[in-house]
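Listed below, chain by chain, are the residues.
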Amino acid sequence: MTIYPQLIIDALKQTKYPATGKNLVESGMIDDDIRIDGNRVSFSIIFPKQPDPFQKSVVKAAEAAIHAYAAKEAEVTINVTYKPQTTAAPAPKPLSNAKVIAVSSGKGGVGKSTVAANLAVALARLGYRVGLLDADIFGPSVPTMFGLEDFQPMGEMVGERQLIIPAEQYGVKILSIGFFVKPEQATIWRGPMASNALKQLITEANWGELDYFIIDTPPGTSDIHLTLMQTLDIAGAIVVSTPQKVALADARKGVDMYQNEKVRIPILGIVENMAWFTPAELPDNKYYIFGRDGAKQLAESLGVRLLAQIPIVQSVCESGDSGQPIALDPSTDVAQAFLSLASKLTYIAK
């Protein structure tokens, strides 16, 4: 059984803190540092005072809840911290007027960022106000795809708050962790640090009024996804895959993560990328080098939509490397495929 962060959260909702009579999640006692590695689970419980008379019993009950409601064989490590708690009302989630769409993939290398970038551009070309967040903390590629490698974000005062000003390119407002680190440096951060950085890009930026907010998520399933789910009201997710069997197996896991009864984020559909290869000199030819209709068959078996089949053409790679997404050129078949994808989503994402 695959362990998801939301499974841990829901299990901890079964454990009450005797001092308040509320569960640990409702009491705000679970820190944003849930880590999952196979069947090993670790997280921190924040107690409001030290020493706390209920500490030992709560820790024991929390571990028992993980075994009972999330994963019987899990190896659980619980850290204890102390912080006085306030009773302030929770802040409303940001970007509440925008339709938030997560672009996801089960594995890397399937063209997820290419789909996210071109989808954002296509929506902007249809006349919508669009924001794009590069949430791939450890492999940000959006700056290159939009020709923004040298962009350095600045701040501005909005009321009493200092907010980050997103870049704006091709009608899309953009923020990426790649704007804040040197391109040649690896981002070596623990989960909580990455999550906090991501939250800042969402909640401490002047996004303005948007119709669509596209998130280029990291490949796989991680605590970054949990942070996104907790921070934003996500309208739905798009899962990107190639037709290859290995990619399809991981795509199935990505679909399962969002469809899990503990998460319940709608799957808007699957995009089959690299569906076939069409050489520039033979524009009418199709070569199925990764297999044929694999993602289409996966969509049918899972009962979800196949949103698009995007071919491999040399111009897709060239346009991404040059900072000009292919969706900018409506004369190409690939651009038309992305415009069609964007048009479908305006009807599907509610």
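Before going into details, it helps to say that this report is about the structure given with it. Throughout this document, residue positions are counted from 1 along each chain, in the order its sequence is written. Local features in a predicted model are, by the rule used here, given only for residues with pLDDT of at least 70; side-chain atom pairs are given and counted only at 80 or more, and totals for whole chains, interfaces and linings are based on all residues. Note that the side-chain values use all heavy atoms of the structure and ignore hydrogens as well as water.

### A word on the packing of helix α3 (residues 112-125) against helix α10 (residues 333-348)
Note the cut-off: The axes are straight lines fitted to the C-alpha atoms, using for helices just the contacting stretch, and the angles between their N-to-C directions are given from 0 to 180°. Each helix is a run of DSSP H or I of at least 4 residues and each strand a run of E of at least 2, with the numbering of both proceeding from the N terminus. For classification purposes, angles smaller than 35 degrees are called roughly parallel, those larger than 145 roughly antiparallel, those between 65 and 115 roughly perpendicular, and all remaining angles oblique. We call two residues contacting when some pair of their heavy atoms lies within 4.5 Å. Gly counts as polar in this scheme, as do all residues outside two lists: the nonpolar Ala, Val, Leu, Ile, Met, Phe, Trp, Tyr, Cys and Pro, and the charged Asp, Glu, Lys and Arg.
Interaxial distance between α3 and α10 falls to 8 Å at its minimum, and their mutual angle equals 70 degrees. When the interaxial angle is binned, α3 and α10 end up roughly perpendicular. Residue-level contacts link Thr-114, Val-115, Asn-118, Leu-119, Ala-122, Leu-123 and Arg-125 of α3 to Phe-338, Leu-339, Leu-341, Ala-342, Leu-345 and Thr-346 of α10. Among the residues forming the contact of α3 with α10, the class breakdown is nine nonpolar, three polar and one charged.

### Quick look at the pairing of strand β4 (residues 40-47)
Selection criterion: Exposed residues in this analysis have more than 50% of their type's maximum accessible area, buried residues have under 20%, and partly exposed residues fall in between, with area computed by a 1.4 Å probe over protein chains only. Only strands that DSSP links by at least two bridges are regarded as paired with each other. By convention, a crossover is right-handed whenever its connection, traced from the first strand over the helix to the second and viewed with the strands pointing away, goes clockwise.
Of all the eight residues making up β4, six are buried; the element is thus mostly covered by neighbouring parts of the structure. In the sheet, strand β3 (residues 35-37) pairs with β4 via three bridges, with the strands oriented antiparallel. Within β4, the position partnered with Asp-37 by the bridge is Arg-40. Linkage of β3 to β4, two consecutive antiparallel strands, is achieved through a turn of two residues, within which Gly-38 is found at a positive phi near 65 degrees. Bridge count for β4 against strand β5 (residues 75-82) is eight bridges, and the pairing is parallel. Its bridge partner lying in β5, Ser-42 is registered against Thr-77. Handedness of the crossover joining β4 and β5 through helix α2 (residues 55-69) is recorded here as right-handed.

### Some remarks on the sheet that holds β3
Sheets are built from strands paired through backbone hydrogen bonds, the pairs being either parallel or antiparallel. Overall, mixed pairing links the three strands, which are arranged β3-β4-β5 in an open sheet. The sheet terminates laterally at β3 and β5, the two strands that pair on one side only. Strand-to-strand twist in this sheet, taken as the mean axis angle between neighbours without regard to direction, amounts to 20 degrees. Across the sheet, α2 lies against β4 and β5, angled at about 145 degrees from β5, the strand it touches most.

### Observations concerning the pairing of strand β9 (residues 161-164)
Summarising the sheet, strand β8 (residues 155-158) and β9 pair through four bridges and their orientation is antiparallel. Each residue of the ladder has a partner; that of Gly-155, found in β9, is Ile-164. Two successive antiparallel strands, β8 and β9, enclose a turn made up of two residues, where Gly-159 displays a positive phi of approximately 65 degrees.

### Points about a nonpolar patch on the surface
For clarity, the cut-off: Nonpolar side chains (Val, Leu, Ile, Met, Phe, Trp, Tyr) are joined into patches within 5 Å and like charges within 9 Å, using only residues with over 30% relative accessible area and no salt bridge. Shrake-Rupley sampling with a 1.4 Å probe provides the accessible areas, and residues are treated as covered by the protein chains on show and by no other component. Salt bridges are counted wherever a side-chain nitrogen of Lys or Arg sits within 4 Å of a carboxyl oxygen of Asp or Glu.
A surface patch of nonpolar side chains, about 350 Å² in accessible area, is lined by Leu-282, Tyr-287, Ile-289 and Phe-290. Tracing the backbone shows Phe-290 in the loop between β14 (267-277) and α8 (294-302).

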